[in-house]
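Reading the structure
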Amino acid sequence: MTNLKLVALENRKRTIIPVGNVRFGTGFVIIGGPCSVESEEQMIKTAIAVKSAGADMLRGGAFKPRTSPYAFQGLGLQGLKILAKAREATGLPFVTEVLDTRDVSWVAEFADMIQIGARNMQNYSLLKEIGKLRKPVLLKRGMYSTLEEWLNCAEYIMSEGNPNVVLCERGIRSFETYTRNTLDLSAVPAVKEMSHLPVITDPTHGTGKVGLIEPMSLASVAAGSDGLIIEVHRNPAEALSDKDQALTPSQFSGLVRKVRALAKFMKGIR
Amino acid sequence: MNLKEIRSNIDRIDQQLPILLRQRMEYSLQAEKHKGDARDPAREESVFENVTAKSSSLLDKSFLSDLYKLILAESKKLQARHLKLVGFQGEHGAWSEIAIHAFGSEMAPIPCLEFRDVFACVANHDLEFGVVPVENSIEGSVTEVNDLLVEADLKIVAEAVIPVHHNLLALPGTNHQEIRSVYSHPQALSQCRAFLSRNKLEPRPFYNTAGAARWLAHERQRSAGVIASKLAAEFYELDIIKENIEDHPENATRFVLLSTQPGTGTSPANKCTIAFSTQHRAGALSDIVRIFAENKANLTRIESRPIRTNPGTFAFLLDFQGKPDDPAVVRALENAKKAAMMFKNLGFYPEATL
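This report concerns the structure included in the present document.

Residue-level contacts link eleven residues of chain A with eleven residues of chain B. For the pair chain A and chain B, the summed buried area comes to about 1000 Å², and 51% of that belongs to carbon and sulfur atoms. Per-residue buried area on chain A facing chain B is highest for A:Leu77, A:Trp106 and A:Glu109; these three make up 57% of the total on that side. If you look at where chain A meets chain B, you find two salt bridges. A:Glu129 is paired through a salt bridge with B:Lys200; the nearest N and O atoms lie 3.5 Å apart. The tally of links between chain A and chain B comes to seven residue pairs in polar contact (both at pLDDT 80 or more). When contributions to the side of chain A that touches chain B are tallied by element, the ones reaching two or more residues are helix H2 (77–90) and helix H3 (104–110) of chain A. Broken down by element, the residue count for the side of chain A that touches chain B peaks at four residues, all from H3(A).

Residue and element names in this part refer to chain B. Two elements in contact, helix H11 (residues 284–294) and helix H12 (residues 327–339), have axes separated by 9 Å at closest approach and are oriented at 170°. As judged from the angle between their axes, H11 and H12 are roughly antiparallel. For the pair formed by H11 and H12, the contact residues are Ile 288, Ile 291 and Phe 292 on the first element and Ala 332, Leu 333, Asn 335, Ala 336 and Ala 339 on the second. For the contact of H11 with H12, a count of residues per class yields seven nonpolar, one polar and no charged.

In this section: a nonpolar patch on the surface. Taken together, B:Met1, B:Ile6 and B:Ile10 make up a surface patch of nonpolar side chains, about 320 Å² in accessible area. Inspection of the secondary structure puts B:Ile6 in helix H1 (residues 3–35).

About the criteria used
Residues numbered from 1 in each chain as written. Chains lettered and ligands numbered in written order. Predicted model: local features only at pLDDT ≥ 70, side-chain atom pairs only at ≥ 80, totals over all residues. Heavy atoms only, no water. Contact = heavy atoms within 4.5 Å. Buried area = accessible area lost by both parts, 1.4 Å probe. Salt bridge = Lys/Arg side-chain N within 4 Å of Asp/Glu carboxyl O. Polar contact = N/O pair within 3.5 Å; in protein donor to acceptor, adjacent residues only side chain to side chain. Helix = DSSP H or I, 4+ residues; strand = E, 2+ residues; numbered from the N terminus. Axes fitted to C-alpha atoms, helices over the stretch in contact; angles between N-to-C directions. Parallel < 35°, antiparallel > 145°, perpendicular 65-115°, else oblique. Nonpolar A, V, L, I, M, F, W, Y, C, P; charged D, E, K, R; others polar. Patch = residues over 30% accessible without salt bridge, like charges linked within 9 Å, V, L, I, M, F, W, Y side chains within 5 Å. Areas by Shrake-Rupley, 256 points an atom, 1.4 Å probe, with all protein chains shown as cover.

Encoded structure:
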């Protein structure tokens, strides 16, 4: 791990990364929202529901990496404008994914935090482009990546000058087929041993199963995660993407309540 | 051509027709200032003759004649309202036109090509008023306007400070990645300098913000964007790619209303602008500035401009707070006039705030 000049914990203090009023690395940050921005109405109503459930931040995809080229690819710039309206309506900052180096500056114009998705974790030209900004980055773990490979990607961003990296464990490929991915919760305390950067978990992609999201969210809190990112849809059956893994606003609200209670308890026994 | 293409061609003509009609109304209002009377039967006759001569198998003579009866009736109705004609630089949707609305209703904004045209039209009594930008909170002085204020013999009768929020506009359906160069007035390009450089967009100066929007709507260049107001986006049917792209949210421009006559506004005047030049000796400028300090007149702006006809010499524009009937202000103006080489009082007017 000698090459992790900026990412390694060594004797550094744990880093706190502010995104609007939200601070990653202190307290417990809950991000909620749809997989894709589908329409203004859908995004704003979901955002309001997510806020009243007690979340700190919004998510929503405008540029979507889809397995099939024929699947819904996202609303693009229009999606970014809608996310900005949802921020205005709720006061919550938002994170959204960027796929293309040519879009980096544009996404940064609108978003409070830029996500590098699992499929692009090792897209080095994208990492370097993001590194030139000072905009906070949510770096998801690639589905086939070791912890060392993941942390090296954070090093790419930081070595270009952007110190604002938050890591996100979102499950890795294993031989198990019951779940979409295998959420590697051991990654959370492991990363904390190696790095000073905050790390959150994504139980939605990590399991791909509505019933497993809440238990794995609670397990994430217990494992020392700094936050959660969870897909919420007003009407999951009608979602244009990831409809099998989105929570309804009321499921999400119940989850937030339990997570907050456990986070408080964990703080008390630390 | 398929139905979609045909309809989009129709839409483009429908976009142009109101623009041309408005232009026609503007000219007819200006004509009224010259002839002073709305009725001119000989002229009307020749208008009808010219138009009906263009009849064809698809454009019936009686249709054209009915259409023009409507147009002429509307233009006479407008003339009867005796709107105040106010010149502004640029095209409809320009920030100067937006500023005109801050100076009152019953005004008809008339586009002029250049700032000097606004000054000339007011000086020649072709238009009653002119509205020009003097300074901006990010970019500073609008140098050409300040030069013209020194040169011209016009009075400032009112001022307004207008918040300016720029938008990046493009043709509907343009992918943001395609935009390479951005056209706008140099002032607007400078106010959005950081945005343009972050997104690697090449700034291209154009004579006016709304003019650039009109040009893009007409030329339909996919690789071009323009910086202009939301009004311009609506007017020329362009998409807003990004709102509020100015480098600071408190971007505002101060506009003044020009006339040949001193102001007789309803609110009391409490601000004055003067232009002067001084002898080329140590302390000449400070002597004049001191006159205002001694008479307790607070200066709000001092601007120096090279005198273009005599390089190396400078004129100064000075704004201060003071009422026309205050003896201290009258004394300060008299003393300043004596101390200066050239001296002009551009007038008293009510001070504006944001």
